[in-house]
Amino acid sequence: MKSGFKRDGSLTDKSEIAEGVALAAALGDDGAPLVESLLYFIDLSRPAKSSFSPNLKYMLGYDIGDIGDITANWWMQFAHPDDVADLAPDGAPCPACDAALTRRFRLRHKDGQWLDVVDQAIKVPCGEGHFAIVGTMSNLTLHRKTSRALYESNQRYQHLLETMPDGVVVHDAGGRVVQSNPAAQKLLGLSADQLLGRDSFDAQWQSVDPGGAPFPGEKHPAMVALRDRVPVYGVVMGISRPDKSQVWVRINAQPLFLPESDTLDGVVVSFSDVTELKNAEQAMAERENLYRQMFDRNPAVKLLIDPISGKIVDANKAACQFYGYRYEELRSMVISQINMSQGGTITKSMQDAINKGSAVFSFKHRLASGAVRDVRVNSGRIMLNGREYINSIVFDVTERNEYERRLIEANRQLQIERQRLDEIIRATNAGTWEWNIQTGDMRLNERWAEIIGYSLEDLTPCSVDRWIGLCHPDDIGTINALLTRHFDHETDQFDCEYRLKHKNGSWVWVLDRGKVFEWSDDGAPLRLSGTHSDITPAKEIEERIRHMALSDPLTGLANRHQFDDRLLRAIEHCTNAEQNVVLMLLDLDHFKSVNDTFGHPVGDALLVDVAQGLQTQFRGGDFIARLGGDEFAVLLSDVADIGIAEKAAMRVIREIDRPRQIEGHTVHVGVSIGISLNAGTSEILPKVLYRRADRALYQSKAEGRNTFRVYRPTVAKK
């Protein structure tokens, strides 16, 4: 069928249809871009009609605007020079009509790295005397990483397989499946168990070649890679799934060798779903119907206009809904009945679109209701039956224009507010500063100096070196890091809490907030201004709250929460240092009788006295906590021998066993101690140490109290 109009007015231009098919093929079933591969459609006669899938940006980092001349070998401008010479002395060839051409080379990503890619292209007709290149380009970098990861780390290997977007099946040296990833299982419709042990030549696959003929098992890429010991790329085949559906895949096979040897260990087969691409080939044969559907169902307002008469030749459903006219009414109108511009302006704009090939205009269009809308019109020239027409896509920008107007007004109000804010800051008692970054000079107000006990005269003249000299040494790294991030435009402002040395020698916590308000032409910061406030009281309250959350309110010792955290970290540390961790649980003997006899105030005072006594019996690196009631715990880290813990237990028993004078009463209690040991391994969890120490504590209670016992694992008799 020739290009033109059917009797019902539908458009059948082959180039437009091919463009629509290529764009449709660039999307997966759910409309998401295909990962690690891109599709492209190059119209050899009309490069402006060429299109790329969104993965051009995701895979190579480029926008379509980064590509200069769009030709059959558009990628040559990004190809590695060594690969260009290998492809062909005079440049890469263009595939023959209906013949696929497969090439492997390196492309430069926009960030500078080189990607190893396979390009497969085919030349197809797309109209009378017109041809196009339809191709797909796949990034092989992930496949090389997979092969290396097989021998580097089983955990990393498994994670890579599970997260790879492409299907991966690993065959052993005999061609049998030994592993597959979720993407492969989903694509093939089989579970991991169903795939395990299958041969690549298994008849159950019912594989077919692109022509529909059965695919010989001996030609399967896995078998070829195993037989010839070389990688195989870009083999396309159709595979029948258990649900009788068919999926088309493009397969790459990479032989695996044992590390540092020539011994073949298997093959990694990776494949991607190219069902959409195959469907696109079928859709090319149905291009008239597809274009009509795309034209009608496109949510954008589309009009086809005769540039000579201005007649609206065609309109889609979105145009009818937007303008409020029936399809037949729109097709009987001329564009000047909608466009409110003067006739000369309309004629000139249509001529510009014809002369330039495409153009963008801003107009006011009147709807059937009489309402007037601001529109942006993207117009492009197309050829139908040897005649030129204008294909216009109309966007309603009324709300956007109104928003821009409001934004301008908002910016004006913002300038007023900024001026008002400056006045407020000057009227307050907040510290303010300004830093000339080029000279290092700083300007401060009186309040800035007062916060750290100085007068403004004491600090004048002030430089950035003087300021840094007042900062706490531990905070300088944080300050520099945050300043650098702001100077590099990573943050909108400099926002930092740090300490300054007061004139009396103490440290004052301040909150500094500033912003670069002046930049050089080359983007270097020139002037940084900000405010400076004293947050020392808030920091002190924060520290008190933190201490209260981690401490026992009666004795001041650590509480159970803090002790558990310290125990876990001690186990991890001592595991790396191959040292022991000792947990001691202490329970006072006859403490209840003290409360019953003398009352709880005396009991509380006794607990405080015991806590103080415990602190005198241990090293500075040991950790003591009150777990609750009359129960205490001690953590000994880096213990070389259990005898150290036993000696410490004896000291504690002697300390607690002595009579005490508490609020005029002679009070005497003992202590029972249970000890457990984590012998240089992280396999014993904190809860296990607790349970073992508790058992040893129970044993010391049962065997007379005021003594200690060490947990000894029982050994089963043979």
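Residues numbered from 1 in each chain as written. Predicted model: local features only at pLDDT ≥ 70, side-chain atom pairs only at ≥ 80, totals over all residues. Heavy atoms only, no water.

K.L.:
I keep staring at the pattern of salt bridges and nothing clicks. Help me out?
P.N.:
Oppositely charged side chains may form a pair once their charged atoms are brought near each other. Tallying each qualifying case throughout the model produces 38 salt bridges. Ionic pairing is found between E404 and R400, a salt bridge with its closest N-O pair at 3.8 Å. Remark: R400 and E404 occur in helix 14 (residues 398-427); sequence separation between them is 4 residues, near one turn of the helix. The exposure class of E404 is partly exposed, given its relative accessible area of 39%. On the basis of relative accessibility, which here comes to 40%, the residue R400 falls in the partly exposed class. K592 is paired through a salt bridge with D596; the nearest N and O atoms lie 2.9 Å apart. Of this pair, K592 and D596 both sit in helix 20 (residues 591-598), 4 residues apart, roughly one helical turn. (Salt bridge = Lys/Arg side-chain N within 4 Å of Asp/Glu carboxyl O. Helix = DSSP H or I, 4+ residues; strand = E, 2+ residues; numbered from the N terminus. Buried < 20%, exposed > 50% of the residue type's maximum accessible area, 1.4 Å probe, protein only.)

K.L.:
Please explain the sheet that holds strand 21 (residues 525-534) as it appears in this structure.
P.N.:
Within a sheet, neighbouring strands are paired by backbone hydrogen bonds and run either parallel or antiparallel to one another. Reading across from one edge, 18-17-16-21-20-19 is the order of the 6 strands in this open sheet, with antiparallel pairing throughout. The open sheet is flanked by strand 18 (462-463) and strand 19 (494-501), the only strands paired with a single partner. Direction of pairing for strand 17 (residues 441-444) relative to strand 18: antiparallel, over a ladder of 2 bridges. What sits directly across from D441, in strand 18, is S463. Contacts from helix 17 (residues 476-487) reach strand 16 (431-436), strand 19, strand 20 (507-519) and strand 21, with the element oriented near 155° to strand 19. (Pairing = 2+ DSSP bridges. Contact = heavy atoms within 4.5 Å. Axes fitted to C-alpha atoms, helices over the stretch in contact; angles between N-to-C directions.)

K.L.:
Got a minute to help me understand the environment of D609 in this structure?
P.N.:
Structurally, D609 can be placed in helix 21 (residues 600-615). With a relative accessible area of 23%, D609 lands in the partly exposed category. C-alpha separation for the pair D609 and Q661, spaced 52 residues apart in sequence, amounts to 9.9 Å. Other than its neighbours up to four places away in sequence, D609 contacts R658, R660 and I662. Engagement of the side chain of D609 in a polar contact is seen with the side chain of R660, the distance being 2.5 Å. (Polar contact = N/O pair within 3.5 Å; in protein donor to acceptor, adjacent residues only side chain to side chain.)

K.L.:
Help me out: how do you make sense of the sheet that holds strand 11 (residues 301-305) in this one?
P.N.:
Strands sit in the order 12-11-15-14-13 across an open sheet of 5 strands; the sheet is antiparallel. Only two strands of the sheet have a single partner each, and these edge strands are strand 12 (312-315) and strand 13 (358-366). In this sheet, adjacent strand axes meet at a mean angle of 30° when their direction is disregarded. Packing of helix 13 (residues 343-356) onto the sheet brings it into contact with strand 11, strand 13, strand 14 (372-384) and strand 15 (387-396), and relative to strand 13 it is tilted by some 155°.

K.L.:
Explain unusual backbone geometry to me, please; I cannot follow it from the model alone.
P.N.:
Phi is mostly negative for residues that are not glycine, and the peptide bonds are mostly trans. In this structure, the amide linkage connecting T460 to the following residue, P461, adopts the cis form with an omega of -5°. As for its position among the elements, P461 is in the loop between helix 15 (446-451) and strand 18. In this structure, R229 is a non-glycine residue whose phi angle is positive, near 60°. At H489, a residue that is not glycine, the phi angle is positive and equals roughly 70°. Relative to the helices and strands, H489 resides in the loop between helix 17 and strand 19. With a relative accessible area of 53%, H489 lands in the exposed category.

K.L.:
Sorry, what's going on with the confidence of the model for the chain here?
P.N.:
Detailed conclusions should not be drawn from predicted coordinates in areas where pLDDT is low. Taken residue by residue, the chain gives an average pLDDT of 83. The fraction at 70 or more is 85%. The lowest-confidence element of the chain is helix 1 (residues 14-25), averaging 36 in pLDDT; the highest-confidence one is strand 28 (residues 708-710), averaging 93. A low-confidence stretch, residues 1-35 (pLDDT under 50), is modelled with 90 contacts involving residues beyond four sequence positions or located in other chains. (pLDDT = per-residue confidence, 0-100.)

K.L.:
I'm lost on the nonpolar core in this one. Help?
P.N.:
Within soluble globular proteins, side chains that are nonpolar generally end up buried alongside one another. Counting 34 residues, the largest nonpolar core has M584, L586, L614, F618, F632, I673 and I675 as the members making the most contacts within it. With 7 residues, the single largest contributor to this core is helix 22 (residues 642-657). When residues no more than four places from it in sequence are discounted, the contact partners of L586 are L614, D630, E631, F632, V634, V652, V671, S672 and I673. In terms of nonpolar packing, the next biggest core, distinct from the first, is built from 27 residues, W433, L444, C471 and F487 among them. (Core = buried A, V, L, I, M, F, W, Y, C linked by side-chain atoms within 4.5 Å.)

K.L.:
Would you explain the packing of helix 20 against helix 21 in this entry?
P.N.:
When two helices pack together, you describe them by how their axes are tilted relative to each other and by the distance separating the axes. Contact geometry for helix 20 and helix 21: axes closest at 7 Å, N-to-C directions at 140°. Classified by the angle their axes make, helix 20 and helix 21 are oblique. Contacts between helix 20 and helix 21 involve F591, V594, N595 and F598 from the first element and H600, V602, G603, L606 and L607 from the second. Its residues assigned to classes, the contact of helix 20 with helix 21 comprises 6 nonpolar, 3 polar and no charged. (Parallel < 35°, antiparallel > 145°, perpendicular 65-115°, else oblique. Nonpolar A, V, L, I, M, F, W, Y, C, P; charged D, E, K, R; others polar.)

K.L.:
I tried to follow the environment of L190 on my own but got confused; where do I start?
P.N.:
Mapped onto the secondary structure, L190 falls in the loop between helix 6 (182-188) and helix 7 (192-195). According to the relative accessible area criterion, L190 is buried, its value standing at 9%. The sequence separation of L190 and D243 amounts to 53 residues, and the corresponding C-alpha distance is 9.9 Å. The contact partners of L190, leaving out residues within four places of it in the chain, are Q185, L195, R198, W205 and P242.

K.L.:
Looking at this structure, I do not really get helix 22. What am I missing?
P.N.:
Since the α-helix packs 3.6 residues into each turn, any two residues three or four apart lie on the same face. Its 16 residues place the ends of helix 22 23 Å apart at the C-alpha level, agreeing with the 22 Å of an ideal helix rising 1.5 Å per residue. Buried residues of helix 22: I642, G643, A645, A648, A649, V652, I653, E655 and I656, and no others. In this structure D641 caps helix 22, since a side-chain oxygen of it lies 2.7 Å from the backbone nitrogen of G643. (Expected span 1.5 Å × (residues − 1).)

K.L.:
Mind showing me how you'd approach the packing of aromatic side chains here?
P.N.:
Two aromatic rings are characterised by how far apart their centres lie and by the angle between their planes. Summed over all chains, the structure comprises 11 aromatic pairs. A ring pair is formed by F563 and F623, whose centres lie 6.1 Å apart and whose planes are at 20°; its orientation type is stacked. Placement of the pair is F563 in helix 19 (residues 560-577) and F623 in strand 23 (residues 623-628), with a sequence separation of 60 residues. Given the relative accessible area of 0%, F563 is considered buried. Between K123 and the ring centre of F131, over which it is positioned, the NZ or CZ distance is 5.1 Å. Across the ring face of Y690, the terminal group of R560 is positioned such that the distance to the ring centre comes to 4.5 Å. (Phe/Tyr/Trp six-rings, centres within 6.5 Å; stacked < 30°, edge-to-face > 60°. Lys NZ or Arg CZ within 6 Å of the ring centre and 35° of its normal.)

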